[in-house]
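Report on the structure
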Amino acid sequence: MLFPTLTFGIFFVLVLSFAWALDRENGQRKLLLLAASYVFYGWWDWRFCALLAFSSIANWAFGRIIGAMPASPLRALVIVLAIAVNLGILGFFKYYGFFIENVGEALAMIGWERDLFLMQIILPVGISFYTFQGISYIIDIKRGEADHRASLLDAMLYISFFPQLVAGPIVRAKDFLPQLTRAPTISRAAVSLGVLLILWGLFKKSVIASEIATGIVDPVFFAPGEYGGIDRLFAVYGYAVQIYCDFSAYSDIAIGCAALLGYRFNRNFDQPYRARSFQDFWRRWHISLSTWLRDYLYKPLGGSRGGALATNRNLMITMLLGGLWHGAAWTFLVWGLIHGLALAIERALGPARSGRSVISLVITFHVVCLAWILFRSPDFATAWTYLTATQTLGDPVQVLTPFLAGMIVLGLGLHALPPRGIESLAGAMSRLRSPAIAGMGVVAFILIDALRPAGVAPFIYFQF
Amino acid sequence: MQDDPHRDRLYEAPDDAREHQRSRLWLSNGVALSLLLVAVFNPVSLERWAAANPPNWGVETVRLTVGVWSERMGLAHLDAPRLWLEQRWRDLKAVGWDDVHTEDDEAEQ
């Protein structure tokens, strides 16, 4: 079930109505939301509901055991086992094929060719997200930041809550579980914020990202050698806009749906292409993942406590694994490497002076775009062709139209909007009467529905 | 929960149960009215959704019912804003670089 479809719209209106009808019965309300989450997930492939249930129940059971045990080597062993189970599930479904393929190639290179047991494994949607939430549950309990006595219902709802289930934001146990202890109440301001975020997300995904993807990014990245320099240059800028508008749209809609249901998720994007450094970029891009990696990987590795060499090592490990989290391919690993190197170089150079901030912004954006080429390309050969194709900027333009150039400029222009504009607008909207809100919402909806192309491509981050 | 003062204040839940009930009613009224307005001004979206789904008794019933409704709304010109918007958007997409140059050249002359 995709967010920008009428199927989801009908589903969400039904869930919203029943959820608020049960606002005096927190237990029944949570049961309803859990059932709705499994319907939502089962819409893709109902067989994976069992995997989701297993992951949730296993994490809840491990959490109970860990929380009840005093600090001891046995407790540490249980924590390692719990994390290993989570990573084992992720590793099997996401990395098994990649691992076997590369082992086979490595053995062939040294003359040890073997028939390895290769399986066609379907990647369950959202597995990277809910596995990380499971690990967050275990570690938050270990650190005493989340209550290990959470009921099975709460733990299952935390891991499978449908707005964030398949593409984040990655919600922390310590943030979400306390919200489940009593039936939520709602304010007009939260409703306004939810409605605005949903409409804003629909616009970014259905209009900007879809037009740019089908108009320029997909054809140019399919055969980069056949297009001239201008097309290739704008296809990279286009992809930078597309992935931002696509992924931030999913996060906005998820945060908006949760807000309408009375729950709060953290912001996941904060105008990332305004970043004046890579450190700044990672404070603005996929914030829930970058903070997850910081708190559960970088800091436990030692963070920046052990001198320059150890800090850079920790940084590189974090970024390489962060890259690999996106997909089982070497291109993602090198994407992580580029970001890790950029962060390490930035650390070595020290903080940028304010006078150079615009230059820093341009440099950061273009290095990010360079890394996006690897991220978007299916393999190194395509990325290499993209970067080295012989055509020059003087070659005729084939796919870039004034309309597409305008959409790319519009997508980048979103970063020039007031950073907290949505919040200000939500505050103002909450003072209006409901017919006025409904009228404005419907005008915006018809506008988006009329402008969007027919059919909706899945979100980019579904594949992760 | 990360500090986000601009959003935090929007999430402040009302302590008063009556205030919560009023907000809930405000939300319910808004949703009901939005559905009504979409049905009047944009029934084509429901029709397209039904047409895109595998046909069965329910989907076909929705498609045929909404089709008739959509046609009636069209006869009353209530779909005019949407049609106007779609046409302008198509015109914008069809603009090529030659058209842009021509407009620039004409402006210079």
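Calculation notes
Residues numbered from 1 in each chain as written. Chains lettered and ligands numbered in written order. Predicted model: local features only at pLDDT ≥ 70, side-chain atom pairs only at ≥ 80, totals over all residues. Helix = DSSP H or I, 4+ residues; strand = E, 2+ residues; numbered from the N terminus. Buried ≥ 20, exposed ≤ 12 C-beta atoms within 10 Å, placed from the backbone. Contact = placed C-beta atoms within 7 Å. Nonpolar A, V, L, I, M, F, W, Y, C, P; charged D, E, K, R; others polar. Expected span 1.5 Å × (residues − 1). Arc of directions from axis to C-beta. Domains from an automatic or database assignment. Core = buried A, V, L, I, M, F, W, Y, C linked by C-beta atoms within 7 Å. pLDDT = per-residue confidence, 0-100.

So, on to the overall build of chain A. Within chain A, the secondary structure is distributed over 19 helices and 0 strands. Viewed in the frame of its principal axes, chain A has a C-alpha envelope of about 65 × 65 × 50 Å. Per-residue burial for chain A yields a buried fraction of 45% across its 464 residues. Considering only intrachain contacts with a sequence separation of at least 6, the fraction spanning at least 24 residues in chain A is 76%.

Moving on to the interface of chain B and chain A. Contacts between the two partners involve 37 residues from chain B and, on the opposite side, 37 residues from chain A. At the level of elements, α1 (5-8), α2 (17-41), α3 (43-52), α5 (80-94) and α6 (97-108) of chain B are the ones that each hand at least two residues to the side of chain B that touches chain A. In terms of residues, the side of chain B that touches chain A owes the most to one element, α2 of chain B, which gives 13 residues. By residue class, the composition of the side of chain B that touches chain A is 20 nonpolar, 10 polar and 7 charged.

A word on unusual backbone geometry. Residues and elements named next belong to chain A. Located in the positive-phi region is Q271, a residue other than glycine, with phi close to 45°. Summarising the element assignment, Q271 is placed in the loop between α10 (229-260) and α11 (278-284). Even without being a glycine, H286 presents a positive backbone phi close to 40°. Along the polypeptide, H286 turns up in the loop between α11 and α12 (287-301). Residue H286 is classed as buried on the basis of its C-beta count, with 22 C-beta atoms lying within 10 Å.

Turning to the environment of T382 of chain A, a few remarks are in order. Here T382 of chain A is to be found in helix α16 (residues 380-388). The residues contacting T382 of chain A, other than those within four sequence positions of it, are P224 and S377 of chain A.

In this section: helix α17 (residues 402-413) of chain A. Think of an α-helix as 3.6 residues a turn; residues three or four steps apart then line up on the same face. Residues and elements named next belong to chain A. Taking 1.5 Å of rise per residue, 12 residues should cover 16 Å, and α17 covers 16 Å from first to last C-alpha, within 8% of that figure. Three or more residues of α17 are buried, namely L404, M407, I408 and G411. Viewed end-on, α17 has its buried residues packed into an arc of 100°, placing them on one side of the element. Residues of α17 that are exposed and angled more than 90 degrees away from the buried face: V409 and G413. Residues of α17 that are buried make contact with α9 (188-222) and α10.

This part covers the domain arrangement of chain A. All names here are of chain A. Its domain assignment divides chain A into domain 1 (6-185) and domain 2 (189-276 + 352-463). Placing a centre on the C-alpha atoms of domain 1 and another on those of domain 2 gives a separation of 28 Å. Secondary-structure elements contributing two or more residues to the side of domain 1 that touches domain 2 are α1 (6-21) and α7 (162-165). Here the element with the most residues in the side of domain 1 that touches domain 2 is α1; it accounts for 3 residues.

Moving on, we come to the nonpolar core. Counting 131 residues, the largest nonpolar core has Y158, L197, I212, A240 and W372 of chain A as its most contacted members. Dropping the residues within four chain positions of it, L197 of chain A is found in contact with D252, I253, I255, G256, A259 and I422 of chain A.

Here we take up the confidence of the model for chain B. Residue and element names in this part refer to chain B. On average, residues of chain B carry a pLDDT of 83, and 90% of them reach 70 or more. At the low end of the mean pLDDT range in chain B sits α6, at 66; at the high end sits α5, at 89. As scored by the predictor, the complex reaches a pTM of 0.89 and an ipTM of 0.84.

As a further point, take the environment of G323 of chain A. Residue and element names in this part refer to chain A. If you trace the backbone, G323 turns up in helix α13 (residues 307-326). With 24 C-beta atoms packed within 10 Å, G323 lands in the buried category. Discounting chain neighbours no more than four positions away, the residues touching G323 are F332, L333, W335, G336 and L337.

Here helix α4 (residues 57-75) of chain B contains 19 residues, and its C-alpha end-to-end distance of 27 Å stays within 8% of the 27 Å for a straight helix at 1.5 Å per residue. Following α4 of chain B by one or two positions, H77 of chain B has its phi on the positive side, about 60°.

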